[in-house]
Amino acid sequence: MSDSASLPPHHHALLLTPREMALADQAAIAAGVPGARLMAAAGKAVADAICTRWSPRRVTVLCGPGNNGGDGFVIACRLREAGWQVRLALLGDRAALPPDAALHAREWPGAVEPLEPACVGDAELVVDAIFGAGLSRPLDGAAKATLQAAERLGVPLCAVDTPSGLDGESGNLSGYTPHAALTVTFFRRKPGHLLLPGREHCGELVVADIGIPPEALGAVGRQAPLQCWANGPRVWREAFPWPRAQGHKYQRGHVLVAGGALMTGAARLAARAAQRVGAGLVTVAAPAAVWPVYASALESIIVARVESDADFAGLAADPRKNALLVGPGAGADESTRRQALAALAAGRATVLDADALTVFARDPRTLFDAVQGPTVLTPHDGEFARLFAAAGDKLSRARKAARESGCVLVLKGGDTVVAAPDGRALVNAHAPATLATGGTGDVLAGMIAGLLAQGMPAFEAAGAAVWLHGEAAYAFGPGLVADDLPAHLPQALGTLARWQPH
Ligand SMILES: NC(=O)C1=CN([C@@H]2O[C@H](COP(=O)(O)OP(=O)(O)OC[C@H]3O[C@@H](n4cnc5c(N)ncnc54)[C@H](OP(=O)(O)O)[C@@H]3O)[C@@H](O)[C@H]2O)[C@@H](O)CC1
Ligand SMILES: [K+]
């Protein structure tokens, strides 16, 4: 397992489903790293993470019937050695533990109590090692009652791999799931650590190296395509279109934004965002009646006067305008539909947002059939449901919709998912809650268009825009309104320019 050429792309940022993680474990074991050693390293990593955050105190370690419980036995041993006062409780029969867990259970010198609410007693910290990757049904019975008792105590809870009840693949909760203060997972994160509601139950997330060689991912990749990543610069920074010394404004692309007749603020926000993210030129197509509104507010942006949808189609047909955006403030009417179809017919990079999606609610096939060039759709959940029947968790819904539409899907929310028709996906956790305010979607759409105009491929452009959007919001801090985002993009771009993999 020394062939680094077989490593999947951006492997540090990969998110592994529980099944893929089990394959990685197996590959490591097949390469000569015994499972019991991985478990010893996993338990030690959790104990170390606990010891760096809390001083020795009364702790109850809750162990489940599988290998997550095996980690719990190791944690209990390490904390006891470090001078902690440790109680340990086990769900099920000690004799039924799987081999690696049974081996570590034999090293535990203390009592093994039955797992029930009384065992958390007067603990000052609780370790949840009940279920991890092997969760196969909703939590109930003693496991649920005991975790509820632990949460009622109000003391910090440290989750091993995942808080019990959290589905590592989808981020969904099953039965009952406690809120951890700290979650220590191993080797790589899982989608469920970043997707909501799961992310909110993990608390601080630590990824520990337990000795699985990265090359194990090569073996996993031969059985399952590894193409889901945490969104961040690791994945797309090589494709980021930094301005070049010999460049001029025409090489930095030209975005055309369809301006609405009533909600003029949305297209203005989008246009400013496209400009700030680096597009060389931005034109707003402004309906004649409101042309002065646009023209007086956008000094360095071209404001073209359009009398009709045909005028807009004429602008869209100009090949110098290499990225087109329809939707922000557009209105859910026939005119928006015609403009969206005119943009798609031009065959260039196109972003459709908001009303430009809603207008295809009755016949989404018309939209999908019209797609020619790289196209990005940016629905929130409500707009998504109008276009797609895809069911299931957020990640699989976005992937199915991307495949069905032939577009890059940006399914927005606190855990925005970007999905490409070929199955690649990004899960974004880099977004403060302050972004949930009017107009931020318009800014995002403009940023994607601005990056597309500079030649960035659609999937990478969408991921970069989503990350920079979050970064600009973090840079501004509390009290954010959408107008603040374009103004804070320079700071976000500066952070990206200095960004180093760690
Ligand atoms: N493999 C390795 O080398 C390494 C693995 N590591 C660790 O192993 C963990 C994965 O271990 P795992 O696969 O044994 O699964 P785990 O989460 O312990 O649960 C399985 C057990 O729970 C049971 N069960 C499930 N749901 C239930 C429910 N709702 N209510 C009741 N019972 C339920 C299930 O029963 P079954 O479904 O079989 O009937 C089975 O008995 C992983 O998260 C990491 O912590 C690390 O040590 C690194 C090395
Ligand atoms: K757990």
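From a predicted model like this one, the values you see are computed outputs, not experimental measurements.

### Quick notes on the state of the cysteines
In total, this model carries zero disulfides according to the counting rule given. No disulfide involves Cys77; its sulfur sits 9.6 Å from the nearest other cysteine sulfur, which is in Cys63. Assessed through its relative accessible area of 6%, Cys77 is described here as buried. Residue Cys158 stays outside any disulfide, its sulfur separated by 10 Å from that of Cys51, the closest cysteine. Given the relative accessible area of 0%, Cys158 is considered buried.

### Some words on the coordination of the potassium ion (ligand 2)
Here the potassium ion (ligand 2) is held by the protein donor atoms Asn68 (OD1), Asp128 (O), Phe131 (O), Val160 (O) and Thr162 (O), which lie 2.6 to 3.0 Å from it. For the potassium ion (ligand 2), the single-chain donor residues occur in sequence as N-x59-D-x2-F-x28-V-x1-T. Placement of the pair is Asn68 in helix H3 (residues 67-81) and Val160 in strand E5 (residues 157-160), with a sequence separation of 92 residues. Summarising the burial analysis for this pair, Asn68 and Val160 share the class buried.

### Some details on the sheet that holds strand E3 (residues 113-114)
The parallel open sheet is built from seven strands, whose spatial order is E3-E2-E1-E4-E5-E6-E7. The two strands at the open ends of the sheet, each matched to only one other strand, are E3 and strand E7 (204-208). The sheet contact formed by strand E2 (residues 85-90) and E3 spans two bridges and is parallel. Bridging across to E3, Leu90 finds its partner in Pro114. Along the sheet face, helix H2 (residues 35-53) touches strand E4 (125-129), E5, strand E6 (182-186) and E7 and points at about 150° away from the line of E6.

### Description of the nonpolar core
The biggest cluster of nonpolar side chains holds 116 residues, and the ones touching the most others in it are Ile50 and Leu468. At 11 residues, the largest contribution of residues to this core is made by helix H19 (residues 458-476). Both domains that meet at this core, namely domain 1 (9-226) and domain 2 (233-495), each give it at least three residues. Not counting residues up to four positions away in its chain, the partners in contact with Ile50 are Ile75, Leu79, Trp84, Leu125, Val127 and Cys158. With 44 residues, the next largest nonpolar core counts Leu324, Phe360, Ala402 and Ala419 among its residues.

### Remarks on the UniProt feature "binding site: K(+)" (unreviewed entry) in the protein
Feature annotation in UniProt assigns "binding site: K(+)" (unreviewed entry) to the following positions: Asn68, Asp128 and Ser164. Across 97 residues in sequence, these annotated residues keep their C-alpha atoms within 9.7 Å of one another, forming a single compact spot. In contact with Asn68, not counting residues within four places along its chain, are Asp128, Ala129, Ile130, Phe131, Gly132, Val160 and Asp161. With respect to the secondary-structure elements, Ser164 resides in the loop between E5 and E6. Classification of Ser164 as buried rests on a relative accessible area of 0%.

### Observations concerning the packing of aromatic side chains
Two measures describe an aromatic ring pair: the distance that separates the ring centres and the angle between the ring planes. The tally for this structure, following the rule as stated, stands at five aromatic pairs. In textbook terms, an aromatic cluster arises when at least three aromatic residues are bridged by ring pairs, as seen for Trp236, Phe240, Trp242 and Trp467. Of note, Arg80 hangs over the ring of Trp108, and the distance from its end group to the ring centre comes to 5.5 Å.

### Brief notes about the domain arrangement of the protein
Taken as a whole, the protein is organised into domain 1 (9-226) and domain 2 (233-495). Taking only C-alpha atoms into account, the centre of domain 1 sits 40 Å from that of domain 2. In this complex, domain 1 contributes 12 residues to the contact, which on the side of domain 2 involves 10 residues. Contact between domain 1 and domain 2 buries roughly 940 Å² in total, counting both sides, with carbon and sulfur atoms accounting for 69%. Interface area lost by domain 1 to domain 2 is led by His10, Leu195 and Arg199, which between them contribute 45%. Where domain 1 meets domain 2, there are four residue pairs in polar contact (both at pLDDT 80 or more). When grouped by side-chain class, the residues that make up the side of domain 1 that touches domain 2 number six nonpolar, four polar and two charged.

What counts, and where the lines are drawn
Each chain has its residues counted from 1, running along the sequence as written. Chain letters start at A and ligand numbers start at 1, both assigned in the order the entries are written. With pLDDT at 70 or above as the cut-off, local features in this predicted model cover only qualifying residues; side-chain atom pairs require 80 or more to be listed or tallied, and sums for whole chains, interfaces and linings still use all residues. The side-chain values count all of the structure's non-hydrogen atoms but skip hydrogen atoms and water molecules. In what follows, a disulfide is any cysteine sulfur pair within 2.5 Å. Throughout this description, buried means an accessible area under 20% of the type-specific maximum (1.4 Å probe, protein chains only), exposed means over 50%, and partly exposed covers the range between. Only nitrogen, oxygen and sulfur atoms count as donors, using a 2.8 Å cut-off from the metal that widens to 3.2 Å for Na, K and Ca. Water is left out, so coordination shells may look unfilled. Secondary structure counts use DSSP, requiring at least four H or I residues in a row for a helix and at least two E residues in a row for a strand, with both numbered from the N terminus. One bridge is not enough; two strands pair if DSSP finds at least two bridges between them. Whether two residues touch is decided by their heavy atoms; if any such pair falls within 4.5 Å, the residues are in contact. Note on geometry: axes are C-alpha line fits, over the in-contact stretch for helices, and angles between N-to-C directions span 0 to 180 degrees. Here the nonpolar core consists of buried residues drawn from Ala, Val, Leu, Ile, Met, Phe, Trp, Tyr and Cys, with membership extended through side-chain atoms lying within 4.5 Å. The split into domains, and so the bounds of each, comes from an automatic or database assignment of domains. UniProt positions are given in the numbering used here, feature names are shortened, and annotations may be inferred rather than shown by experiment. Here the aromatic set is Phe, Tyr and Trp, taking the six-membered ring for Trp, and pairing holds for ring centres within 6.5 Å; pairs whose planes are under 30 degrees apart are stacked, those over 60 apart are edge-to-face, and all others are tilted. Placement of a positive charge over a ring is assigned whenever Lys NZ or Arg CZ falls within 6 Å of the ring centre and within 35 degrees of the normal to the ring plane. Once two parts are put together, the accessible area they lose, assessed with a 1.4 Å probe and summed over both, is termed the buried area. Polar contacts here mean pairs of N or O atoms no more than 3.5 Å apart (in protein, one a potential hydrogen donor and the other a potential acceptor; neighbouring residues in sequence count only if both atoms are side-chain atoms). When residues are sorted by character, Ala, Val, Leu, Ile, Met, Phe, Trp, Tyr, Cys and Pro go into the nonpolar class, Asp, Glu, Lys and Arg into the charged class, and all the rest, Gly among them, into the polar class.

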